[in-house]
Amino acid sequence: MRGSVMRLRTSALASAVLPLLLAACATTPPPQARLGLKLAPAALGTSISVQQHLKVERNGRTDDLDVALQVEPDAIDVVGLAFSQRVLTLHYDGKELSSWRHVMLPSQVRAEDVLEDMQLTLWPAEAIAAALPDGWRIAEQGAYRTLFLKDEPIMQISYSGTPRWSGTVVLDNLRYHYKLTIQFAAPTD
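Quick notes on the rules
- Residues numbered from 1 in each chain as written.
- Predicted model: local features only at pLDDT ≥ 70, side-chain atom pairs only at ≥ 80, totals over all residues.
- Heavy atoms only, no water.
- Helix = DSSP H or I, 4+ residues; strand = E, 2+ residues; numbered from the N terminus.
- Buried < 20%, exposed > 50% of the residue type's maximum accessible area, 1.4 Å probe, protein only.
- Contact = heavy atoms within 4.5 Å.
- Areas by Shrake-Rupley, 256 points an atom, 1.4 Å probe, with all protein chains shown as cover.
- Polar contact = N/O pair within 3.5 Å; in protein donor to acceptor, adjacent residues only side chain to side chain.
- Salt bridge = Lys/Arg side-chain N within 4 Å of Asp/Glu carboxyl O.

### Thoughts on the overall build of the chain
Counting its regular elements, the chain contains three helices and ten strands. Expressed as a percentage of the 189 residues in the chain, the buried residues total 42%. Across the chain, contacts joining residues at least 24 apart in sequence account for 49% of those joining residues at least 6 apart. For the chain, the exposed surface amounts to about 10200 Å²; the carbon and sulfur share of it is 52%.

Okay, here's the thing in structure tokens:
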């Protein structure tokens, strides 16, 4: 009986979390879909430690995940939780990316894609522009950022406040047809 309950809980956890974690990675990306962007942690220009609530909308479905993010000049650490259970961890020291994920997560959930979306959202546009491959460019105007591939918009990001890791950030991925809403928890003093 206990084994059945555990399998049911694991199955429920997987069905709630799988579509959420990297909705963009749920299918095989088209050629040149991913940049392979891995910016140095120090390129953020500051240290941050924030809590986020993520909401992913794709194909008429909405999924949620709580995330703790810490960026120091020498490392990025991410912990993702669903139903108070750790489902994903990521550590990047500017050279090597290591990750752990719940056994029920599909192989399409790639730490490289999590890191890339996070950096495209939070890192300064100048740092991103310097690392983009040929054919890609980033434009930023006020509270809006757009990533282009050969003048075709691929991703649009809007910010409700400054710094970029406060308030609400909405990432609309036009290529993979998903919307990620990041609600940052208010800092506590």
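### A word on the side chain of Asn173
Turning to its location among the elements, Asn173 is positioned in strand S9 (residues 168–173). Take Asn173: its relative accessible area is 2%, and that puts it in the buried class. A polar contact of 2.9 Å, which involves the side chain of Asn173, links it to the backbone nitrogen of Tyr176.

### What to know about the pattern of salt bridges
Any two side chains of opposite charge can pair if their charged atoms end up close together. If you walk through the whole model with that rule in mind, you get three salt bridges. Between Lys179 and Glu57 there is a salt bridge, and its shortest N-O distance comes to 3.9 Å. In this pair, Lys179 is assigned in strand S10 (residues 178–184) and Glu57 in strand S1 (residues 48–58), connecting sequence segments 122 residues apart. For Lys179, a relative accessible area of 33% puts it in the partly exposed group. With a shortest N-O distance of 2.7 Å, Arg145 and Glu140 are connected by a salt bridge.

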